[in-house]
Structure formats: structure tokens, C-alpha cells
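Inside the fold
Listed here are the chains, written in short residue letters.
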Amino acid sequence: MIDKLHYISQQPKNGTHLDAIKAALDAGCKWIQLRVKDQPEDIILQYAIEAVKLCDEYGAKLIVNDHPEIALKADAHGLHLGLQDMSIPQARQIVGPDMIIGGTANTFAHIQQRVADGADYIGLGPYRFTTTKQKLSPILGLRGYWDIIAQMRLAKMSIPVIAIGGIVPADIPLIMPTGIHGVALSGAITQATDARQMVSELYHHLNQPSLNEA
């Protein structure tokens, strides 16, 4: 089961990715993606091992961004691959048949490819400009989600799609009616003054029936 709220780890001003992940878990997040850029792989592996332990304590899932070997060594629950990363079939040979694999997409053609490659979920975006990504794909905006989800519906594709890229809590009531499965957030949770209240409100909005379910 792919959760509707994905927390993308972000190093806080005072602390590490693990501090941010622990805070997100304390706040009620159940799906954590460890996304560490510009660090040596041995450091990322240590983060992943500790993050898996934390997630196991909270009954949450830990997804490793970009590094299939690290996901395997850390016994992570899943792997997320960007458009510039290794292909899903190559990664599947490394991590085996059971690990969750998600893939980023920016177009309907990307989604078709991800589905053909055996992805378990899609991260579709970016919704708007975000400083957390260096090589940003064309921004989709709300219209982009409506158009792509409509194409998926016509093609009878039912893979869970997570909206990603610069999303803030106020966007969720606008995005969910498109038929999207859920959203990924980073800064909104990392920087929240009351993260528990924030996560509770996010789940409330995410669990409202969409137009497709009503």
C-alpha cells in the first residue's frame, strides 16, 4: 500500500537528515524518503541504516532516493529513482523482486515508460518551482496534473501517482480532485512550528474523497 503522504527528508538548520526524519515520524508520517545529495555513499548508507531502524520503530516505510545498492544494504522498504537515475529494470536486478520502486515522471510518456518498466508508484512533478532540485523538469502546475491524469484514465492506468515539487499544504485541496493518489512534501513538515498538527491536517485533506471516488 502506497501512503498518501510522502515526507522527503531535508536537513534542518540545526541537525541532520536523521533528526528531520525522527521529527517527521514523531509527527505521524508513515512514508519517509531519504534524499541525501552531495554526500559520499558511505555516509548515505549510514543514514539509511539508522533511518530504517527509526522507521521500523514507528511502523513506517523508508524509501531510499537514487541508490539501489544502499537501499539493499540498509534493508530499506523501497527505492525512488529520478529521471536521470538508473533505469527501473536495472535497479530491480540489484534490489530483487520485492522492494517497492517508485519513479519520477514529468510527462504522460514518462508514466507509460515507468509502468512498462514495472514501477510501483509514480512521483509526478514538479508542481511548481522548487529549490530542492538542481535539474528541474518543466513545471506542470494544476493544469498539467488534470491533463496527465485524464490521459491515464483513458489508458486505464491505475498506478498510484504522487504529486511532487514545491507543494505546500494549501495546494492539497486543489490537487486532490485531479485524481492524484497523494503528495510529497519536505519543507512544510521540516519547518512546521507544530509538525504533529500539520501532519494531522495533511492526512485529513488527503483522505477527503476525490471527484473520482465520490
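If you're wondering where the values come from, they're calculated on a predicted model, not measured in any experiment. (Residues numbered from 1 in each chain as written. Predicted model: local features only at pLDDT ≥ 70, side-chain atom pairs only at ≥ 80, totals over all residues. Heavy atoms only, no water.)

With that out of the way, let us pick up the overall build of the chain. When its secondary structure is counted, the chain shows nine helices and eight strands. For the chain, whose C-alpha radius of gyration is 16 Å, the value lies close to the compact-globule estimate of 17 Å for 214 residues. Taking the principal axes of the C-alpha coordinates as reference, the chain spans close to 45 × 40 × 30 Å. Within the chain, the fraction of its 214 residues that count as buried is 50%. A sequence separation of at least 24 residues applies to 55% of the contacts in the chain between residues at least 6 apart. In the structure as shown, the chain presents an accessible area of about 10400 Å², 52% of it carried by carbon and sulfur atoms. Counting 18 positive and 21 negative side-chain charges, the chain places the centres of these two groups 6 Å from one another. (Helix = DSSP H or I, 4+ residues; strand = E, 2+ residues; numbered from the N terminus. Rg over C-alpha atoms; globule rule 2.2 N^0.38 Å. Buried < 20%, exposed > 50% of the residue type's maximum accessible area, 1.4 Å probe, protein only. Contact = heavy atoms within 4.5 Å. Areas by Shrake-Rupley, 256 points an atom, 1.4 Å probe, with all protein chains shown as cover. Lys, Arg positive; Asp, Glu negative; His and termini not counted. Charge placed at Lys NZ, Arg CZ, Asp CG, Glu CD.)

Moving on to unusual backbone geometry. Cis geometry marks the peptide bond from Gly-125 to Pro-126; its omega dihedral reads 5 degrees. Secondary-structure assignment places Pro-126 in the loop between strand S6 (121-124) and helix H6 (141-154).

Right, let's get into the pattern of salt bridges. Following the criterion strictly, the structure yields six salt bridges and no others. For the salt bridge of Asp-26 with Lys-22, the shortest nitrogen-to-oxygen distance reads 3.1 Å. Within this pair, Asp-26 and its partner Lys-22 are both found in helix H1 (residues 17-27), separated by four residues, close to a single helical turn. Under the relative-accessibility criterion, Asp-26 is labelled partly exposed at 31%. (Salt bridge = Lys/Arg side-chain N within 4 Å of Asp/Glu carboxyl O.)

With that settled, the discussion passes to the UniProt feature "binding site: 4-amino-2-methyl-5-(diphosphooxymethyl)pyrimidine" (unreviewed entry) in the chain. Residues given the UniProt feature "binding site: 4-amino-2-methyl-5-(diphosphooxymethyl)pyrimidine" (unreviewed entry) here are Gln-33, Leu-34, Arg-35, Val-36, Lys-37, Asn-65, Thr-104 and Lys-133. Position of Lys-37 among the secondary structure elements: in the loop between strand S2 (31-34) and helix H2 (41-58). For Lys-37, a relative accessible area of 36% gives the class partly exposed. Sequence-distant contacts of Lys-37, that is, excluding residues within four places in its chain, are made with Asn-65 and Asp-66. When near neighbours in sequence (up to four residues on either side) are disregarded, Thr-104 contacts His-80, Leu-81, Gly-82, Leu-83, Arg-114, Gly-123 and Ile-164. Here the side chain of Thr-104 touches His-80 through a polar contact of 2.8 Å, side chain to side chain. (UniProt positions renumbered as here; feature names shortened; annotations may be inferred. Polar contact = N/O pair within 3.5 Å; in protein donor to acceptor, adjacent residues only side chain to side chain.)

This next bit is on the nonpolar core. The biggest cluster of nonpolar side chains holds 64 residues, and the ones touching the most others in it are Leu-5, Ile-32, Leu-62, Leu-124, Leu-185 and Ile-189. At eight residues, H2 tops the list of elements feeding residues into this core. In this structure, Ile-32 is in contact with Tyr-7, Ile-21, Ala-24, Leu-25, Cys-55, Lys-61, Leu-62 and Ile-63, ignoring residues within four places of it in sequence. Ranked by size, the runner-up nonpolar core spans nine residues in total, among them Trp-31, Ile-63, Ile-100 and Ala-184. (Core = buried A, V, L, I, M, F, W, Y, C linked by side-chain atoms within 4.5 Å.)

This part takes up the UniProt feature "binding site: Mg(2+)" (unreviewed entry) in the chain. As annotated by UniProt and renumbered to match this structure, "binding site: Mg(2+)" (unreviewed entry) occupies Asp-66 and Asp-85. A maximum C-alpha distance of 6.3 Å is found for the annotated residues, which run over 20 residues; spatially they form one tight group. By the secondary structure assignment, Asp-66 is in the loop between strand S3 (61-65) and helix H3 (68-73). Not counting residues up to four positions away in its chain, the partners in contact with Asp-66 are Lys-37, Leu-79, His-80, Leu-81 and Asp-85. In this structure the side chain of Asp-66 is engaged in a polar contact, spanning 3.5 Å, whose partner is the side chain of Lys-37. Within the fold, Asp-85 resides in the loop between strand S4 (78-81) and helix H4 (88-95). We classify Asp-85 as partly exposed; its relative accessible area is 23%. What Asp-85 contacts, discounting residues up to four positions off in sequence, is Asp-66 and His-80. At 2.6 Å, the side chain of Asp-85 forms a polar contact with the backbone nitrogen of Gly-82.

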